[in-house]
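Single-letter residue listing:
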Amino acid sequence: MASLPPPPRPCVSPPVLPYVVALADDLSGAAETACALGGPVRLSLNAADVAETAAAHDLVVDLDTRHLPSAEAAYAVRTALRAAQAGPPRLLYKKVDSQLRGHLAVEAAAYAEGATAVVIAPALPAARRTVTGGVVHVNGVPLHRTDGWRAERASAPRSLAEALSGLPVRTVPLDAVRSEPAVLEAEFQRIAASGAHPAPDAETDADLDAVAAAVLRLGPGFRLLGSGGLAAALGRTLLRPAAATPPPTPARDCTPLLFVVGTAEPGAVAQIAHLTALGAHHVPLDPADLAAGTVRLPRTAAAALTVLSIDGSAGPRPGAGRALSTALGALAAAYPGRPDLVLTGGETARTTLDALGIGELEPLGEIHHGAVHSRTPDGRHVVTRPGSHGAEDSLLRITVALRPRPAASAAAV
């Protein structure tokens, strides 16, 4: 007699999971994370908001620690973590730079306090940033062999273990990430039991999905640390109400649009060239004059499209980023006509909004990867974008999204 097939497994829906508290070290990364999570979200520039008691949405907070001394950055993370744990149950996420910039080691160590383990996955496949053998690669090239750290005081780390010096890290190879879920979970547990933290390799969004799902199954003792790529994987994995669709954005063709380009990336020159071809007024600013506070915008700057940028022809100025961003932000805040804003570079975005007294953003969506369109409480439109993101046509695509009729008319001329 033939044996009967095994009974079907009961269909059990996974539980609805708590909302997320995400801690970011700069504003463009915070906005990227807010969009990536995909649910109802509040994006705050005030670290004190981590202690809020409402739990009906994700909360992403920009701690703005990139410019701080390392001890102060660690203290900011530790304080925010304590406040988050004192509130309603939330899932913890630490947003870090996909090229490992910032105070990664000390912030990760502070974030790891009290956790069973922190699962570390900074890969960002959408920007061709992957992790293989515990080494971050950019377009297939190891990070330390690229110029991604050209504006930093130090050299790029050769591996995640080096970047996280002082925090014991164990690489989880791709074959384990792509194995059965139980195998990956067991590997994370084994590493945690040894007193170390798992750092899974990842080359694709599917790899990051597997990592996020494993951590959610392992429970709140395991915390996530990664870039916008892992945040997006977390958003795909969580079961929560979808974010409400924002109302249609009204046409604002008569409102000036101000681009504030604070990035040192070489590609910014070509991105700006696309705008000047549309008739944008470009104001390159001498770094020395900007730092000295002697820059004054010419009267002709009050145009429909204006670009303020730091003249990088003399090369990057390591260590001067915050001072220049602060001066650039103050200049942008004084621009006449209450323009909508496109802000590239996390520090530039933060200092500009600080100068304007803006402490919260409502994310509306992404124009392209990393270019997040938000609205301020008083109705101004703001696009933030990491300095290292975006192809040559990035700023043009943002212009077309915000000002479709003028952009189309200019392109036709």
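Per chain, the residues get numbers from 1 upward, laid out in the order the sequence is written. Whole-chain, interface and lining totals are the exception, using all residues; otherwise, since this is a predicted model, local features are given only for residues with pLDDT of at least 70 and side-chain atom pairs are given and counted only at 80 or more. Calculated side-chain values reflect all of the structure's heavy atoms, with hydrogen atoms and water omitted.

Asks: Please clarify how the overall build of the chain should be interpreted in this entry.
Replies: Helix and strand labels come from DSSP, where a helix needs a run of H or I of at least four residues and a strand needs a run of E of at least two; each type is numbered from the N terminus. Looking only at helices and strands, the chain has 14 helices and 18 strands in total. Each residue is placed in one exposure class: buried if its accessible area under a 1.4 Å probe, protein chains only, is under 20% of its type's maximum, exposed if it is over 50%, and partly exposed if it falls in between. Burial analysis of the chain (413 residues in total) assigns 53% to the buried set. Carbon and sulfur atoms make up 57% of the accessible area of the chain, which amounts to about 17,600 Å² in all. Accessibility throughout is a Shrake-Rupley quantity obtained with a 1.4 Å probe, and a residue counts as covered only by protein chains that appear here.

Asks: Mind showing me how you'd approach the pattern of salt bridges here?
Replies: Side-chain pairing between opposite charges can occur once the charged atoms of the two side chains come close. Salt bridge, as used here: a side-chain nitrogen of Lys or Arg that lies within 4 Å of a carboxyl oxygen of Asp or Glu. Considering all chains together, one arrives at 21 salt bridges under this definition. In this structure, the salt-bridge partner of R350 is D62, at a minimum N-O distance of 2.8 Å. Residue R350 is located in helix α12 (residues 346–356), and its partner D62 is located in strand β3 (residues 58–62); the two are separated by 288 residues in the primary sequence. For D62, a relative accessible area of 1% translates into the label buried.

Asks: What am I meant to see in the nonpolar core here?
Replies: As a rule of thumb, soluble globular proteins bury nonpolar side chains together. For the purposes of this section, nonpolar cores are sets of buried Ala, Val, Leu, Ile, Met, Phe, Trp, Tyr and Cys residues that join through side-chain atoms within 4.5 Å. Residues F188, L230, L234, L290 and L353 are the most contacted members of the largest nonpolar core, which totals 99 residues. With 7 residues, helix α7 (residues 205–218) is the largest single contributor of residues to this core. Only heavy atoms enter the contact rule, under which two residues are in contact if any of them lie within 4.5 Å. Residues in contact with L230, not counting those within four places in the same chain, are Y93, A121, A123, L208, V211, A212, L224 and L225.

Asks: How should the pairing of strand β12 (residues 257–261) be read in this particular structure?
Replies: Each regular strand displays side chains that alternate between the two surfaces of the sheet. Judged by how many residues are buried, β12 sits mostly within the fold: 5 of 5 residues are covered. Along β12, one buried face is formed by L257, F259 and V261 and the opposite face, lined by L258 and V260, is buried too. For two strands to count as paired, DSSP must find a minimum of two bridges between them. Sheet analysis places β12 next to strand β14 (residues 305–310), joined by 5 bridges and oriented parallel. Residue pairing for β14: L258 is matched across the bridge by T306. The pairing of β12 with strand β15 (residues 340–344) spans 5 bridges and is classified as parallel. When the sheet's bridge partners are listed, F259 is paired in β15 with V342.

Asks: Explanation requested: the packing of helix α1 (residues 27–37) against helix α8 (residues 228–237) in the structure shown.
Replies: For any two helices packed against each other, one specifies the crossing angle of their axes together with the interaxial distance. Running from amino to carboxyl end, α1 crosses α8 at an angle of 25°, the nearest separation of the two axes being 7 Å. With respect to each other, α1 and α8 are oriented roughly parallel. Where α1 crosses over α8, the handedness of that crossing is right-handed. The segment α1 lies against α8, with E32, T33, A36 and L37 engaging G228, A231, A232, L234 and G235. Amino acids are sorted into nonpolar (Ala, Val, Leu, Ile, Met, Phe, Trp, Tyr, Cys and Pro), charged (Asp, Glu, Lys and Arg) and polar (every other residue, Gly among them). Looking at the contact of α1 with α8 residue by residue, the classes come out as 5 nonpolar, 3 polar and 1 charged. Fitting a line to C-alpha atoms yields each axis, with helices limited to the stretch in contact; the angle taken between N-to-C directions then spans 0 to 180 degrees. With respect to orientation, any angle under 35 degrees is reported as roughly parallel, any angle over 145 as roughly antiparallel, any angle of 65 to 115 as roughly perpendicular, and every other angle as oblique. Handedness of each helix crossing follows the sense of rotation of the near helix against the far helix: counterclockwise by less than a right angle gives left-handed, clockwise gives right-handed.

Asks: What is the right way to look at the packing of aromatic side chains in this model?
Replies: Here the aromatic set is Phe, Tyr and Trp, taking the six-membered ring for Trp, and pairing holds for ring centres within 6.5 Å; pairs whose planes are under 30 degrees apart are stacked, those over 60 apart are edge-to-face, and all others are tilted. Tallying each qualifying case throughout the model produces 0 aromatic pairs. A ring has a charge above it when a Lys NZ or an Arg CZ is no more than 6 Å from the ring centre and no more than 35 degrees off the ring normal. The lysine or arginine in question, R223, covers the ring of Y111, its NZ or CZ lying 5.9 Å from the ring centre.

Asks: Mind showing me how you'd approach the sheet that holds strand β8 (residues 141–142) here?
Replies: Two modes of strand pairing occur in sheets, parallel and antiparallel, and in both the strands are linked by backbone hydrogen bonds. If you trace the 3 strands from one edge of the open sheet to the other, you get β6-β7-β8, paired in antiparallel fashion. At either margin of the open sheet sits one strand with a lone partner, and together these are β6 (129–132) and β8. As paired elements, β6 and strand β7 (residues 135–138) share 4 bridges and run antiparallel to each other. What sits directly across from T132, in β7, is V135.

Asks: When you look at helix α2 (residues 70–86) in this model, what are you seeing that I'm missing?
Replies: Turn by turn, an α-helix covers 3.6 residues, leaving residues three or four places apart pointing in a common direction. Across its 17 residues, α2 extends 25 Å between first and last C-alpha, which sits within 8% of the 24 Å expected from 1.5 Å per residue. Here α2 has its buried residues at A73, A74, A76, V77, A80, L81 and A84. All buried residues of α2 lie within an arc of 155° about the axis, which places them on one face of the element. Those residues of α2 that are exposed and aimed more than 90 degrees away from the buried face are A71, Y75 and A86. Where α2 is buried, its residues touch β1 (20–24), β4 (91–95), α3 (104–112) and β11 (222–226). Given a helix with a known number of residues, its expected span is that number minus one, times 1.5 Å. The arc refers to the directions leading from the helix axis to the C-beta atoms.

Asks: Any chance you could explain α12 here in plain terms?
Replies: Most of α12 is tucked away: 8 of the 11 residues are buried. Along α12, the residues classified as buried are G346, E347, T348, A349, R350, T351, T352 and L353. G357, located one to two residues past α12, shows a positive phi value of around 75°.

Asks: It is not clear to me how the confidence of the model for the chain should be interpreted in this structure. Could you clarify?
Replies: Interpretation of the predicted coordinates at a detailed level should be avoided for regions scoring low in pLDDT. By definition, pLDDT measures how confident the predictor is in each residue, and it falls between 0 and 100. The predicted model of the chain has a mean per-residue pLDDT of 87, with 86% of residues at 70 or higher. Of the regions scoring below 50 in pLDDT, residues 1–15 engages in 2 contacts with residues more than four places distant in sequence or in other chains.

Asks: Quick question: what am I supposed to make of the packing of helix α11 (residues 321–333) against α12 here?
Replies: The interhelical angle for the contact between α11 and α12, taken along N-to-C directions, is 45°, at an axis separation of 8 Å. By the angle between their directions, the pair α11 and α12 is classed as oblique. Note on packing geometry: the crossing formed by α11 with α12 is right-handed. Between α11 and α12, the residues in contact are G321, R322, S325, T326, L328, G329, A330, A332 and A333 and E347, T348, R350, T351, T352, A355 and L356, respectively. Each residue belonging to the contact of α11 with α12 can be placed in one class, and the counts come to 6 nonpolar, 7 polar and 3 charged.

Asks: Help me out: how do you make sense of the side chain of T65 in this one?
Replies: By the secondary structure assignment, T65 is in the loop between β3 and α2. The exposure class of T65 is buried, given its relative accessible area of 0%. Here a polar contact is recorded for every N or O atom pair within 3.5 Å, except that within protein the pair must consist of a potential hydrogen donor and a potential acceptor, and residues adjacent in sequence are included only if both atoms are side-chain atoms. Engagement of the side chain of T65 in a polar contact is seen with the side chain of E107, the distance being 2.5 Å. Apart from the residues lying within four places of it in its own chain, the contact partners of T65 are D25, A73, A76, H103 and E107.

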